[in-house]
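Here's the letter readout for the chains.
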Amino acid sequence: MSLPLADITQNYRSSADRTKEALHKIQQCLDRNNMRHPGSVGPQQVFRSQHSEKLIQGMCQQLEDSLQRISYCNTQVVQDDIKSAREVLQNARESLKLLPSLCDETIKCSSVGDLVMDILSDATSTLTQEITKNLQELGQGLIGLAESVCPWVAQRSSVCKSLSECMSKKSKQAEIFLRSRLVETAGEIISTRLSELRQALAVTLAETMVEQVLQDLTATQDKMVTRIVFVLYFMCLKLSWYS
């Protein structure tokens, strides 16, 4: 986006402070538009979540098929394994319900960003008060020094008025600067980073759960396949005995 340099130059000559403030706000808006929206979930993470869900669903179906193939076996050991496998299935399906809510949880937590802005706004007010107080003390000290050397000049109303106006102007500039840097710029950066941290926590938990569920499903499926092989083997032995 190009800015009209002729207009900027003209305005800068007539009102430098206001022109700087306006340009800074324009730049902030441009930077904010280029930043990723806090709490947004990237397409790569959405893809990984969908892929994990499909993978878990596929393994659940495989395990369900294996259980149906061996459910007729009435031996206690096999029935105990079937019971354990159904618990694994139940846990896996419950985790599938949780995964989408973990991704949505980071978007719901907007209060942290508001809290950051409130804290920085309070800090800006405190700093502004301290700076104003410091400027007033400095002004009084300068007036006192000037009066001790040139009392007939320093005590003129025009001198005191000029210094008072300068202190008021600089205090206002300090407040604008602090609010711009702390609340708007730093606040936006901090809120974005906190959002990324919340998202990282949710993603880490989701990925860890998926990894554990897949390990449980794989181990259980391998065990069921082993049971099926043994059952089929003994059935073949029985058939050979009867024949």
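Look up a bit, the structure's there.
This structure is a prediction, so every number in the text was calculated from the model and none was measured. (Residues numbered from 1 in each chain as written. Predicted model: local features only at pLDDT ≥ 70, side-chain atom pairs only at ≥ 80, totals over all residues. Heavy atoms only, no water.)

Further remarks concern the overall build of the protein. Broken down by element type, the protein carries 7 helices and 0 strands. Buried positions account for 24% of the 243 residues belonging to the protein. Within the protein, residue pairs in contact and separated by at least 24 positions form 84% of the contacts whose partners lie at least 6 positions apart. When the accessible surface of the protein is summed, it comes to about 16800 Å², and 59% of that surface belongs to carbon and sulfur atoms. (Helix = DSSP H or I, 4+ residues; strand = E, 2+ residues; numbered from the N terminus. Buried < 20%, exposed > 50% of the residue type's maximum accessible area, 1.4 Å probe, protein only. Contact = heavy atoms within 4.5 Å. Areas by Shrake-Rupley, 256 points an atom, 1.4 Å probe, with all protein chains shown as cover.)

Evaluation of the coordinates by the stated rule reveals 7 salt bridges. Residue Glu-175 is joined to Lys-172 by a salt bridge in which the shortest nitrogen-to-oxygen separation is 4.0 Å. Taken together, the residues span about one helical turn, with Glu-175 and Lys-172 both in helix α7 (residues 157-242) at a distance of 3 residues. The exposure class assigned to Glu-175 is partly exposed, which follows from its relative accessible area of 26%. By relative accessible area, which is 48% here, Lys-172 ends up partly exposed. The partner of Arg-193 in a salt bridge is Glu-196, and the shortest N-O contact between them spans 3.8 Å. On the criterion of helical spacing, the pair formed by Arg-193 and Glu-196 is a turn pair, its members being 3 residues apart in helix α7. Judged by its relative accessible area of 45%, Arg-193 falls in the partly exposed class. Several salt bridges share partner residues, and in doing so they unite Glu-64, Arg-86 and Arg-93 into one network. (Salt bridge = Lys/Arg side-chain N within 4 Å of Asp/Glu carboxyl O.)

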